[in-house]
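Chains, contacts and geometry: an overview
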Amino acid sequence: MTKTITGKFDSAGKVQNALDDLLAAGIDREKVYADKDTNEIKVMIPSAIEREITEILNRHGPTQVR
């Protein structure tokens, strides 16, 4: 099952850092949407790796992960 995880950040720099980490972890660029205007990242992933993605996003101090 595919799930979308959204991380909200307080700066575009944190968005970029989180994006870089997600890509370095092997997440396909086509599965990640980074919006630097709203400071959000949306990641479409299989439910099996939800925990790993949440941990990566949390490393960058999000204001919210859902």
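Residues numbered from 1 in each chain as written. Predicted model: local features only at pLDDT ≥ 70, side-chain atom pairs only at ≥ 80, totals over all residues. Heavy atoms only, no water.

**Focus: the packing of helix 1 (residues 12–24) against helix 2 (residues 50–58)**
Two numbers describe how helix 1 lies on helix 2: the axes approach to 9 Å, and their chain directions differ by 145 degrees. Where helix 1 crosses over helix 2, the two elements pack in a sense that is right-handed. For the pair helix 1 and helix 2, the contacting residues are A18, D21 and L22 in the first and I53, I56 and L57 in the second. Class assignment of the residues belonging to the contact of helix 1 with helix 2 gives a composition of five nonpolar, no polar and one charged. (Axes fitted to C-alpha atoms, helices over the stretch in contact; angles between N-to-C directions. Helix = DSSP H or I, 4+ residues; strand = E, 2+ residues; numbered from the N terminus. Left-handed = near helix turned anticlockwise from the far one by under 90°. Contact = heavy atoms within 4.5 Å. Nonpolar A, V, L, I, M, F, W, Y, C, P; charged D, E, K, R; others polar.)

**Considering the pairing of strand 3 (residues 40–46)**
Judged from the seven bridges that link them, strand 1 (residues 2–8) and strand 3 form a sheet pairing that is antiparallel. The partner of T4 across the bridge, within strand 3, is M44. Bridge analysis of strand 2 (residues 32–35) against strand 3 gives four bridges, and the strand direction is antiparallel. What sits directly across from D35, in strand 3, is E40. Taking the residues that link successive antiparallel strands as the turn, the strand 2-strand 3 hairpin has four residues, and the phi of N39 there is positive, at about 60 degrees. (Pairing = 2+ DSSP bridges.)

**Focus: the side chain of H60**
If you trace the backbone, H60 turns up in the loop between helix 2 and strand 4 (64–65). A polar side-chain atom of H60 sits 2.7 Å from a polar atom in the side chain of D21. Those residues in contact with H60 that sit more than four places away from it in its chain are F9, K14, N17, A18 and D21. (Polar contact = N/O pair within 3.5 Å; in protein donor to acceptor, adjacent residues only side chain to side chain.)

**Some remarks on the sheet that holds strand 3**
Sheets are built from strands that pair by backbone hydrogen bonding, the pairs being arranged parallel or antiparallel. Pairing in this open sheet of four strands is antiparallel, and the strands run 2-3-1-4 from one edge to the other. Looking along the sheet, the strands with just one partner apiece sit at the ends: strand 2 and strand 4. Helix 1 rests against strand 2 and strand 3 of the sheet, and its axis sits at about 20 degrees to strand 3. Helix 2 rests against strand 1, strand 3 and strand 4 of the sheet, and its axis sits at about 10 degrees to strand 1.

**Re unusual backbone geometry**
Phi angles above zero are rare outside glycine, and N39 is one such case at about 60 degrees. Mapped onto the secondary structure, N39 falls in the loop between strand 2 and strand 3.

**Let's talk about the pattern of salt bridges**
This model, assessed by the stated rule, comprises four salt bridges. With a closest N to O distance of 3.2 Å, D10 and K14 form a salt bridge. Put simply, E40 and R66 hold a salt bridge, and the shortest N to O gap is 3.5 Å. Of this pair, E40 sits in strand 3 while R66 sits in the segment after strand 4; the two residues are 26 residues apart in sequence, bridging distant segments of the chain. (Salt bridge = Lys/Arg side-chain N within 4 Å of Asp/Glu carboxyl O.)

So far we have only geometry, and geometry alone does not tell us how the molecule works.
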